[in-house]
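# Architecture at a glance
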Amino acid sequence: MNVGNKEHTSENLQNKGNDLRRAHGPDYLVYMAMKEIDQELSKGSKKPVKLVIDGIRNTAELHALRAYPNFYLISVQANEDLREQRILRAGDRCQTKEQFEVADTRDAEEGTANGQQVRQCNYLADIIVLNEQEISGDAPLLRQKYIAKKLYTEYIMLIEHIASGRRPLENRAGGDAAIMTAAYVMSRRSSCLKRKVGAVIASKEGDILSVGWNDVPESLKPCLEDPRYRWCARDVIQERLGQAIKCCPNCGEPVKIETKCMQCESDVREFTKRCPNSNCRGELELVYECPKCKVKVFTEYLAGASAEKTGKLMDLCRSLHAEENAILSLCRTGLRLPEGAILYSTTFPCNLCANKIVAMGIKTVVYAEPYTMKEAKKVFMDKGVEIRRFEGVKSNAFFRMYS
């Protein structure tokens, strides 16, 4: 990819990718990749081929590839500490822990339609594979055996059978895959406009004891139906707080917002979480830098804009979390929590839910997300709760692969 006179760093390449998506559409990079592949294939054999496309980081790219009937998205994951060690050891992207944290946060979610969306892509993945075994670079045979066992034998071989119309005699899902699929099914019951989460509490034998999803209590109207909001309540509250900031809290310079919606080019003249154009209403991630002191005003001073500085306004969210609802459901039924019970969640629990999980006596948590909340992780570790990342076929592909 041509980045002009700039160095070919990950940051510059990501910036160039964002610019191309913004100029030509969010699926442009996949379009160009497939065009180049088609040109190469036209030169040689017409036989069906197996293709691996690496580095999918935007949901529009994923949706474009879904047009191919035998496409499967594999999310390869490692825990945060291991990702940091590997990247710092390589030294070609980050040299310090602080640089890694900035890059990792950007990878997870930039908040724009044209940016990095690894968290969302992982949510839509078909298969999760854990890459947490350290193999020396001078051990190619060991690496080949590892890949063959982790990928080909367990997943690729099954996909090849499905693509060819053949089914293996033994085609049975493991317990974790079935229960996590149930958690994802429950997540679709959520009315939340931002994030749909599902949770299941099961016995160690795999019996489902209770389920939950993030939503407002049963007696309340969802945010979209509540006349006070007609949108995400937290966004509406944050908009009000942002519009009340008339001057930079750091230097007193008047705040003057003059920008455009990236999707429809409508003018934006005040702090908002949504495009003011009623025909668009796309979500906005407004970054305003004070022209005098260079402080990013809404990142630094707006409640809920920065998790490290001002919190996420979790106390103003109207919903109970999926894990909370699963625990409450178990309590309402009067069932006793059996020894070795496991909580499955489609995302990593927050610290508030972690406290309740610990208090409930649950000793194992299985989650299907590559990004963990540090405060919650500490709660689990302090109380000896096993936290296990899910590995296997996810709900998107469960019935395709295990029908």
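Use the structure listed above.
The structure contained in this document is the topic of the report that follows. On a predicted model such as this, the values are computed, not experimentally measured, just so you know.

What counts and how
- Sequence order sets the numbering: in each chain, residues are counted from 1 along the sequence as written.
- Thresholds applied to this predicted model are a pLDDT of at least 70 for local features of residues and 80 or more for the giving and counting of side-chain atom pairs; totals over whole chains, interfaces and linings are not thresholded and use all residues.
- Side-chain figures throughout are based on the complete set of non-hydrogen atoms in the structure, without hydrogens or water.
- Helical segments are the DSSP runs of H or I of at least four residues, strand segments are the runs of E of at least two, and each set is numbered from the N terminus.
- Only protein chains enter the accessibility calculation, which uses a 1.4 Å probe; a residue whose area is less than 20% of its type maximum is buried, one above 50% is exposed, and one in between is partly exposed.
- Here the accessible surface of atoms and residues is derived via Shrake-Rupley with a 1.4 Å probe, and residues count as covered only by protein chains that are part of the display.
- Asp and Glu count as negative and Lys and Arg as positive, but His and the ends of the chain are not part of the count.
- To locate a charge, the coordinates of NZ of Lys, CZ of Arg, CG of Asp or CD of Glu are taken.
- All axes here are fitted lines through C-alpha atoms, helices being fitted over the stretch that makes contact, and every angle between N-to-C directions spans 0 to 180 degrees.
- Here is the rule for angles: anything less than 35 degrees is roughly parallel, anything more than 145 is roughly antiparallel, 65 through 115 is roughly perpendicular, and the remaining ranges are oblique.
- By convention, the crossing between two helices is left-handed when the near helix turns anticlockwise from the far helix through less than a right angle, and right-handed when the turn is clockwise.
- We call two residues in contact whenever any of their non-hydrogen atoms come within 4.5 Å of each other.
- Residues are grouped as follows: nonpolar covers Ala, Val, Leu, Ile, Met, Phe, Trp, Tyr, Cys and Pro; charged covers Asp, Glu, Lys and Arg; every other residue, Gly included, is treated as polar.
- At least two DSSP bridges between two strands are required for those strands to pair.
- Salt bridges are defined by distance alone: a side-chain nitrogen of Lys or Arg within 4 Å of a carboxyl oxygen of Asp or Glu.
- Under the convention used throughout, the expected extent of a helix is 1.5 Å for every residue step, that is, one less than its residue count.
- Here the bend at each residue means the angle between axes fitted to two seven-residue stretches, the one ending at that residue and the one beginning there.
- Patch membership is restricted to residues that have no salt bridge and whose relative accessible area is over 30%. Joining uses 9 Å for like charges and 5 Å for the nonpolar side chains Val, Leu, Ile, Met, Phe, Trp and Tyr.
- Note on ring pairs: Phe, Tyr and Trp rings are taken, using the six-membered ring of Trp, and paired if centres are within 6.5 Å. Classes follow the plane angle, with under 30 degrees stacked, over 60 edge-to-face and the rest tilted.
- For a lysine, the NZ atom is tested; for an arginine, the CZ atom; a charge sits over a ring if that atom is within 6 Å of the ring centre and within 35 degrees of the ring normal.

## What to know about the overall build of the chain
- Helix and strand counts for the chain come out as 15 helices and ten strands.
- Along the first, second and third principal axes, the C-alpha atoms of the chain reach 70 × 65 × 40 Å.
- Residues counted as buried form 41% of the 403 residues belonging to the chain.
- As displayed, the chain has an accessible area near 23,000 Å², and 52% of this comes from carbon and sulfur atoms.
- Within the chain, the 54 negative side-chain charges are centred at a point lying 2 Å from the centre of the 61 positive side-chain charges.

## Section: the packing of helix α12 (residues 322-333) against helix α13 (residues 351-360)
- Look at α12 against α13: their axes get within 9 Å of each other, and the N-to-C directions meet at 30 degrees. The angle between α12 and α13 falls in the class roughly parallel. The chirality of how α12 crosses α13 is left-handed. For the pair α12 and α13, contact is made by Glu323, Glu324, Ile327, Leu330 and Cys331 and by Cys353, Lys356, Ile357 and Met360, respectively.
- Taken together, the residues that form the contact of α12 with α13 break down as six nonpolar, no polar and three charged.

## So, the pairing of strand β3 (residues 198-202)
- Among the five residues in β3, five count as buried, and that is most of the element.
- Because side chains alternate across β3, one face comprises the buried residues Gly198, Val200 and Ala202, and the other comprises Ala199 and Ile201, equally buried.
- Of the strand pairs in this sheet, β3 and strand β4 (residues 208-213) are connected by five bridges, and their pairing is antiparallel. When the bridges of β4 are listed, alanine 199 appears paired with glycine 212.
- Between β3 and β4, which follow one another and run antiparallel, lie five residues, and glycine 206 among them has a positive phi close to 100 degrees.
- Two strands pair when backbone bridges link them, and β3 and strand β7 (residues 342-345) are joined in this way by four bridges, in the antiparallel orientation. Paired with isoleucine 201 across the two strands is leucine 343, which belongs to β7.

## Considerations on the packing of α13 against helix α14 (residues 374-382)
- Where α13 meets α14, the axes come as close as 8 Å, and the angle between the chain directions of the two elements is 15 degrees. Between α13 and α14, the angle is such that the two are roughly parallel. In this structure, α13 crosses over α14, and the sense of that crossing is right-handed. Here Asn351, Ala354, Asn355, Ile357 and Val358 of α13 lie close against α14, whose contacting residues are Glu375, Ala376, Val379 and Phe380.
- Residue classes in the contact of α13 with α14 are distributed as six nonpolar, two polar and one charged.

## Details of the pattern of salt bridges
- Tallying each qualifying case throughout the model produces 28 salt bridges.
- Where lysine 97 meets glutamate 84, a salt bridge forms, and the shortest distance between an N and an O atom there is 3.2 Å. Highlighted residues: lysine 97 in helix α5 (residues 97-108) and glutamate 84 in helix α4 (residues 80-90), separated in sequence by 13 residues.
- Residue lysine 97 is classed as partly exposed on the basis of its relative accessible area, which comes to 38%.
- Aspartate 176 is the partner of arginine 388 in a salt bridge, and the nearest nitrogen-oxygen pair spans 2.9 Å. Taken as a pair, arginine 388 in strand β9 (residues 386-389) and aspartate 176 in helix α8 (residues 175-187) lie far apart in primary sequence, 212 residues in all.

## So, helix α7 (residues 140-164)
- Spanning 25 residues, α7 covers only 30 Å between terminal C-alpha atoms, well under the ideal 36 Å at 1.5 Å per step.
- Of all bends in α7, the biggest is about 50 degrees, found at tyrosine 152.
- All buried positions along α7 are accounted for by Tyr146, Lys150, Tyr155, Leu158, Ile159, His161 and Ile162.
- Those residues of α7 that are buried lie in contact with β2 (127-130), β10 (392-393) and α15 (395-401).
- Glycine 165, located one to two residues past α7, shows a positive phi value of around 90 degrees.

## Quick notes on a nonpolar patch on the surface
- A cluster of nonpolar side chains, contributed by Leu41, Val49 and Leu51, occupies part of the molecular surface with about 230 Å² of accessible area.
- Relative to the assigned elements, leucine 41 resides in helix α2 (residues 28-41).
- The partly exposed category is assigned to leucine 41, whose relative accessible area is 30%.

## Some remarks on the sheet that holds β2
- Spatially, the three strands line up as an open sheet ordered β1-β2-β10, and their pairing is mixed. Edge positions in the open sheet fall to β1 (74-77) and β10, since each of these has one partner strand only.
- Sheet analysis places β1 next to β2, joined by four bridges and oriented parallel. Paired with valine 76 across the two strands is valine 129, which belongs to β2.

## Section: the packing of aromatic side chains
- Counting across every chain of the model gives seven aromatic pairs.
- A centroid spacing of 5.4 Å and a plane angle of 65 degrees characterise the contact between tyrosine 123 and tyrosine 184, whose relative ring orientation is edge-to-face. Within this pair, whereas tyrosine 123 is found in helix α6 (residues 118-123), its partner tyrosine 184 is found in helix α8, the two being separated by 61 residues in sequence.
- Classification of tyrosine 123 as partly exposed rests on a relative accessible area of 22%.
- Residue classification places tyrosine 184 among the buried positions, given a relative accessible area of 4%.
- Judged by centre distance (4.8 Å) and plane angle (90 degrees), the rings of phenylalanine 348 and tyrosine 367 are edge-to-face. Note that phenylalanine 348 is positioned in the loop between β7 and α13 and tyrosine 367 in strand β8 (residues 364-367), a separation of 19 residues in sequence. As far as burial versus exposure is concerned, phenylalanine 348 and tyrosine 367 are alike and both buried.
- An aromatic cluster of at least three residues, connected via ring pairs, comprises Phe271, Tyr288 and Phe298.
- For lysine 394, the ring lying beneath its charged end belongs to tyrosine 123, and the centroid distance is 5.7 Å.
- A cation over an aromatic ring shows up here: arginine 400 above the ring of tyrosine 72, its NZ or CZ 4.1 Å from the ring centre.

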